[in-house]
Amino acid sequence: MRYLFSGVAALALAGVATSPALAHAICGNRIFPATLTMDDPGVNDELSLPTIQYQPIPAADGNPAGRSISYGFEFDKTITRDLGIGIEGGYITQHGAGQGPLHGWDNLAVTLKDRVLCYEPAELMMSLGVERDFARTGSSQLRDAGVIDTTSTTSPTWYVGKGLGDLPIGMFRPFALTGTLGYQISDSPGLSPNQWNYAASLQYSIPYLQQHVKAIDMPEFAKHLVPVVEISMSSPEHGTPTGTIAPGILYEAATWQAGVEALIPINRASRQAQGTGVIMQFHLFLDDLMPFTIGKPLIDRNLWQ
């Protein structure tokens, strides 16, 4: 684990620059950063590579404890200025937990998302989307062991972000909230029940503080930080809700972002399936990095105009 933390730290230190973050989900003065356990309300050209997640597996039913590590990716491409498509997947290794070493590719997921609102004076952004998870696109070894889903699902989802910069609250103006609400529809509800998936984040943007509230004398590195807390939950139609609380820190540069968060089980049911883990991500803003090639929409217009 120390090598994973060292790698993220090295990426962050290597990119300390004087230029502020320019891209991602922008609405008025607000930049909604890429969150690690939930999707943000923006539609952009981006690449997350890698997203590394370490999760301990508690001992249960006479089986010893184990651990799972996933190495994920996500590529998002704009079709029009407001409509985008994303594909995500990853490679998973698992040791212990009553089974021999397991490894293989996770199932692929494809998301179509449209930004339907950006009200700049209120720093309010909303998007609607649908995600399709394709079972049997991943490793048969992981599928047979129950590590990855065996049933395909479709999830209509609502995404929202609200900055507090329009409110007369002084040093609290850099706060922002984001959230998602989706209903996951299983192809085989008898095998895998339908469920609600919902998440929220609370973030405090020091770049916003410096640029739009009050410039404070602090180290250059600190001017790029965004402390964040994320909560992600799943509630099946027949079963107990599970989820995680993920406090952490994001670093925003001009063309990329790095972040690290703890993954803390939110209730007893969650703790029975997983211990406290960690997630780390390196994220590229392709619309800033390559704005005239892969970072621009395929059709340079708004879908609704």
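Keep in mind that this is a model prediction, so the values were computed, not measured.

Asks: Would you mind showing me how to read unusual backbone geometry here?
Replies: The phi angle of most residues is negative, glycine excepted, and most peptide bonds adopt the trans form. Here Leu49 and Pro50 are connected by a cis peptide whose omega angle stands at 0°. Take Pro50: it is sitting in strand E3 (residues 46-57). One non-glycine residue, Glu123, lies in the positive phi region at around 50°. Mapping Glu123 onto the fold places it in the loop between strand E7 (108-119) and strand E8 (124-134). By relative accessible area, Glu123 is classed as buried at 3%. Look at Arg136: it is not a glycine, yet its phi comes out positive at around 70°. Secondary-structure assignment places Arg136 in the loop between E8 and helix H2 (140-144). Of the residues examined, Arg136 reaches a relative accessible area of 59% and is grouped as exposed.

Asks: How do you make sense of the packing of aromatic side chains when you look at a structure like this?
Replies: Given two aromatic rings, one states the distance between the centres and the angle between the planes to describe the pair. The tally for this structure, following the rule as stated, stands at seven aromatic pairs. With a centroid separation of 6.1 Å and an interplanar angle of 15°, the aromatic rings of Phe172 and Phe175 are classed as stacked. Note on Phe172: relative accessible area 53%, which makes it exposed. Relative to Phe282, the ring of Trp256 lies with its centre 5.6 Å away and its plane at 40°, an arrangement referred to as tilted. Of this pair, Trp256 sits in strand E14 (residues 256-265) while Phe282 sits in strand E15 (residues 277-285), and the two are 26 residues apart along the sequence. Residue class for Trp256 comes out buried when judged on its relative accessible area of 11%. Over the ring of Tyr208 we find Arg30; its NZ or CZ atom is 3.9 Å from the centre of that ring.

Asks: Honestly, the side chain of Asp114 in this entry has me stumped. Any pointers?
Replies: Secondary-structure assignment places Asp114 in strand E7. At 7.4 Å, Arg115 is the nearest oppositely charged side chain to Asp114, a buried residue that forms no salt bridge. What Asp114 contacts, discounting residues up to four positions off in sequence, is Val43, Asp82, Leu83, Ser127, Leu128, Leu303 and Trp304.

Reading the values: the criteria
- Residues numbered from 1 in each chain as written.
- Predicted model: local features only at pLDDT ≥ 70, side-chain atom pairs only at ≥ 80, totals over all residues.
- Heavy atoms only, no water.
- Helix = DSSP H or I, 4+ residues; strand = E, 2+ residues; numbered from the N terminus.
- Buried < 20%, exposed > 50% of the residue type's maximum accessible area, 1.4 Å probe, protein only.
- Phe/Tyr/Trp six-rings, centres within 6.5 Å; stacked < 30°, edge-to-face > 60°.
- Lys NZ or Arg CZ within 6 Å of the ring centre and 35° of its normal.
- Lys, Arg positive; Asp, Glu negative; His and termini not counted.
- Salt bridge = Lys/Arg side-chain N within 4 Å of Asp/Glu carboxyl O.
- Contact = heavy atoms within 4.5 Å.

Any functional reading would require information beyond the geometric quantities listed.
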